[in-house]
Amino acid sequence: MKRELMGLIVKRDDGSEIINYNNEAFPSYINDGWIRPHVTWERVPHFHEDVEILSVKSGRMAYSVNGNIIELNAGDTIFVNANQIHYSIAVDEEVAKYVIFVINPSILKTSVAVEMQAVMPILSNPNLSYIRFCGETENKKAIYEIMQTLPDVRQDAFQVNKRFFSIWEIIMRQGESYGLFGNDIDVDIHMQSFKKMMYFIQKEYQNKVTLEMIAASGGVSKSLCNKLFKKYVAVSPINYLLEIRIKKVTEYLRNTSYSLSEIAELCGFNGASYMAEMFKKSTGVCPLNYRIKNKGIIGQ
């Protein structure tokens, strides 16, 4: 694990996240995490080829998966399938604590038979973007209890693998009970366009960016561009651009000694005053106070 990347979401050229695995030789990330409003890993839409499972230990939080907001309370678990657009959300000022498990499903593919029988029906299923285990949901307790054991074995590839197979079996059972493995296909034909536009903003946020440029990057009209951003991240394209810039400002405030003018230029703002105004509107505090309170904080 690269400690300097904790709390940050680093992306490849295609916009997918590069997971900061606990061990570079084994594609798994396990952490006792926490979330509160305005930390750098909150409300950052991303996707990856790994699957993600999170169990809430205390407090309340939420996840957005392809534009659907899923509320989670203590004892709840969410499974997010590979390549889904998702992000975590702090729902109040109280800190929520959780165990997060991000792992590449390739380790399940011990044979072609296993891959075809148990892996691909989930990974390639357009009807299965996430499963929430909450309330009286069958298998809620079983998956939660396994998740709580993971932090203690995060460096033991065999034990992590063993638990992942058990979790996957639970996910399969739950999916079957929900009737998610039928023949009805509901493919979202616009997801790739949105991913391209999301990546364009991530790559060009330091420069002048217009709605026309964002729409063109995804090969869609301005009207459809607005609709897709509203669907997947619940904000307009320009507000999403502003959110990315604010996130970058928080990273510089936490991890560098750059002046506000230098940070404004690096993050695409037209001056330090405008940046400070937008930052306070978004976070509730001015940049200098944020730097004092949050310098060096890591998590997730």
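What counts as what
- Residues numbered from 1 in each chain as written.
- Predicted model: local features only at pLDDT ≥ 70, side-chain atom pairs only at ≥ 80, totals over all residues.
- Heavy atoms only, no water.
- Helix = DSSP H or I, 4+ residues; strand = E, 2+ residues; numbered from the N terminus.
- Rg over C-alpha atoms; globule rule 2.2 N^0.38 Å.
- Buried < 20%, exposed > 50% of the residue type's maximum accessible area, 1.4 Å probe, protein only.
- Contact = heavy atoms within 4.5 Å.
- Areas by Shrake-Rupley, 256 points an atom, 1.4 Å probe, with all protein chains shown as cover.
- Lys, Arg positive; Asp, Glu negative; His and termini not counted.
- Charge placed at Lys NZ, Arg CZ, Asp CG, Glu CD.
- Polar contact = N/O pair within 3.5 Å; in protein donor to acceptor, adjacent residues only side chain to side chain.
- Core = buried A, V, L, I, M, F, W, Y, C linked by side-chain atoms within 4.5 Å.
- Arc of directions from axis to C-beta.

Helix and strand counts for the chain stand at 10 helices and 10 strands. For 300 residues, the compact-globule estimate of 2.2 N^0.38 gives 19 Å, and the chain sits close to it at 20 Å. A principal-axis box enclosing the C-alpha atoms of the chain has dimensions of 55 × 45 × 35 Å. Expressed as a percentage of its 300 residues, the buried residues of the chain come to 50%. Of the contacts made within the chain by residues no fewer than 6 positions apart, 72% connect residues no fewer than 24 positions apart. Total accessible area on the chain stands at roughly 14,200 Å², and carbon and sulfur atoms take up 50% of it. Charge centroids of the chain, computed over 34 positive and 33 negative side chains, lie 5 Å from each other.

This part is about the environment of Tyr29. Tracing the backbone through its elements, the reader meets Tyr29 in strand S3 (residues 28-35). A relative accessible area of 7% places Tyr29 in the buried class. Expressed as a C-alpha distance, the spacing of Tyr29 and Val102, which sit 73 residues apart in the sequence, is 5.0 Å. A distance of 3.4 Å separates a polar atom in the side chain of Tyr29 from a polar atom in the side chain of Asn31.

Attention now goes to the nonpolar core. By size, the foremost hydrophobic cluster in this structure holds 30 residues, and its most contacted members are Phe101, Ile167 and Trp168. Per element, the largest residue contribution to this core is seven residues, and it comes from helix H3 (residues 157-177). When residues no more than four places from it in sequence are discounted, the contact partners of Trp168 are Val51, Phe79, Leu108, Ala118, Val119, Ile122 and Leu123. Grouped together as the second largest cluster of nonpolar side chains are 25 residues, Phe194, Met197, Val209 and Leu241 included.

With that settled, the discussion passes to helix H2 (residues 140-149). A turn of α-helix holds 3.6 residues, and therefore any two residues three or four places apart point the same way. Of the positions making up H2, those classed as buried are Lys140, Ile143, Ile146 and Met147. All buried residues of H2 project into a common sector of 145° when viewed along the axis, lining one side. Of the surrounding elements, those touching the buried residues of H2 are strand S4 (51-58), strand S7 (77-80), strand S9 (96-103), strand S10 (130-133) and H3.

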